[in-house]
Amino acid sequence: MKIIIIPVGFIGANCYIVYDEETKEALVIDPGEEGEKICTEIQKKDLQVKYIVNTHGHGDHIGANGYVKEVTGAVLAIHREDAPMLTDAAKNMSLYMPVRTNGPAADLLLKDGDTLEVGKMIFTVLHTPGHSRGGICLVSGKACFSGDTLFQYSIGRTDLPGGSYPELISSITDKLLALDENTTVFPGHGGKTTIGAEKSGNPFLN
């Protein structure tokens, strides 16, 4: 597994290009903005993007869906609960951001336990509501792409529509903290961390 991290947009959301070095198949997670920059990296590596996956439907994570989808022809996937946000600037909150997002609808609606095969990698979908109703994390081996569910020594905000603090804490405790402590967490904003570090040092979980 190879991972390219590209902070995009005015909020600096992390877009991840995850690929199998042997087969060149790739997955793009949360192309929030700057589609040209993302696709330049894809083309540099001569990757074939199989899926675009949104960890949730907020505007800073979905803004370049249309551009990347058009260039790559990839399948666009999101949890069914957040699917309506993709095409509605009010629901995805971009109505209140510098760039409004009314992107394409999802091709694939995800649910807890689904798997996505990309090259020799298998990603498991964990439904982790709390930041949004349809928030998900993707886990493959000892890598967890956590969106805005879990950050380095912090957690996602829960004051937006569809947010719930008790649900978020439950999602993290029941699903993420159950992962191997050596699992690296790649969050939607900021630097990476590990499950072990969050177990011992995250003030919201202790």
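Structural data are supplied above this passage.
Rules of the game
Residues numbered from 1 in each chain as written. Predicted model: local features only at pLDDT ≥ 70, side-chain atom pairs only at ≥ 80, totals over all residues. Heavy atoms only, no water. Helix = DSSP H or I, 4+ residues; strand = E, 2+ residues; numbered from the N terminus. Buried < 20%, exposed > 50% of the residue type's maximum accessible area, 1.4 Å probe, protein only. Axes fitted to C-alpha atoms, helices over the stretch in contact; angles between N-to-C directions. Parallel < 35°, antiparallel > 145°, perpendicular 65-115°, else oblique. Left-handed = near helix turned anticlockwise from the far one by under 90°. Contact = heavy atoms within 4.5 Å. Nonpolar A, V, L, I, M, F, W, Y, C, P; charged D, E, K, R; others polar. Core = buried A, V, L, I, M, F, W, Y, C linked by side-chain atoms within 4.5 Å. Pairing = 2+ DSSP bridges. Salt bridge = Lys/Arg side-chain N within 4 Å of Asp/Glu carboxyl O. 1 Å grid on protein atoms, 1.4 Å probe; cavity = no way out; pocket = protein on both sides within 12 Å on 5 of 7 lines; lining within 4 Å. Points joined across faces, edges and corners; volume = space filled by probe spheres on them.

## Points about the environment of proline 84
So, point 1. In this fold, proline 84 is placed in the loop between strand 5 (75-79) and strand 6 (108-110).
So, point 2. On the basis of relative accessible area, proline 84 is assigned to the partly exposed category, the value being 40%.
So, point 3. Between the C-alpha atoms of proline 84 and glycine 57, which are 27 residues apart in sequence, the distance is 8.2 Å.

## A word on the packing of helix 1 (residues 35-44) against helix 3 (residues 65-72)
So, point 1. At a closest axis distance of 9 Å, the pairing of helix 1 and helix 3 adopts a crossing angle of 30 degrees. If you check the angle between helix 1 and helix 3, you find them roughly parallel. Here helix 1 and helix 3 pass one another in a crossing that is right-handed. On helix 3, the residues that touch Gly35, Glu36, Ile38, Cys39, Ile42 and Gln43 of helix 1 are Tyr67, Val68, Val71 and Thr72.
So, point 2. Residues that form the contact of helix 1 with helix 3 fall into these classes: 6 nonpolar, 3 polar and 1 charged.

## Brief notes about the nonpolar core
So, point 1. The biggest cluster of nonpolar side chains holds 22 residues, and the ones touching the most others in it are Ile6, Ile17, Val28, Ile38 and Ile42.
So, point 2. Contributing elements (two or more residues each) for this core: strand 1 (2-8), strand 2 (13-19), strand 3 (25-29), helix 1, strand 4 (48-53) and strand 5.
So, point 3. Not counting residues up to four positions away in its chain, the partners in contact with isoleucine 42 are Ile17, Val28, Leu47, Val49 and Thr72.
So, point 4. If you look at the next biggest cluster of nonpolar residues, it comprises 18 residues, including Leu27, Tyr51, Val125 and Leu138.

## What about the sheet that holds strand 5?
So, point 1. Strand order across the open sheet formed by 6 strands is 1-2-3-4-5-6, with mixed pairing between neighbours. Edge positions in the open sheet fall to strand 1 and strand 6, since each of these has one partner strand only. Going from strand to strand, the sheet's axes swing by 25 degrees on average, the running direction of each strand aside.
So, point 2. Here strand 3 runs beside strand 4; their pairing, made up of 5 bridges, is parallel. Paired with glutamate 25 across the bridge in strand 4 is glutamine 48.
So, point 3. Sitting on the sheet, helix 3 touches strand 4 and strand 5, and the angle it makes with strand 4 is about 155 degrees.

## A word on the pattern of salt bridges
Side chains that differ in sign of charge can pair as their charged atoms come close.
So, point 1. One pass over the full model with this rule turns up 9 salt bridges.
So, point 2. Notably, a salt bridge pairs glutamate 41 with lysine 44, separated by 3.4 Å at the nearest N-O pair. Of this pair, glutamate 41 and lysine 44 both sit in helix 1, separated by 3 residues, roughly a single helical turn.
So, point 3. Among the residues examined, lysine 44 registers a relative accessible area of 61% and is labelled exposed.
So, point 4. Put simply, lysine 69 and aspartate 107 hold a salt bridge, and the shortest N to O gap is 2.6 Å. Taken together, the residues span a long stretch of sequence, with lysine 69 in helix 3 and aspartate 107 in the loop between strand 5 and strand 6 at a distance of 38 residues.
So, point 5. What makes aspartate 107 partly exposed here is its relative accessible area of 44%.

## Thoughts on the layout of surface pockets
So, point 1. Here the largest pocket defines a volume of roughly 270 Å³.
So, point 2. As for the largest pocket, its lining consists of 13 residues, of which Ile11, Asp60, Met97, Arg157 and Leu160 are closest to the centre.
So, point 3. Among the residues forming the lining of the largest pocket, the class breakdown is 6 nonpolar, 4 polar and 3 charged.
So, point 4. Volume-wise, the second largest pocket comes out at about 180 Å³.
So, point 5. Considering the residues around the second largest pocket, the lining is formed by His58, Glu81, Asp82, Pro84, Met85, Ala90, Lys91, Met93, Ser132, Arg133, Pro161 and Gly162.

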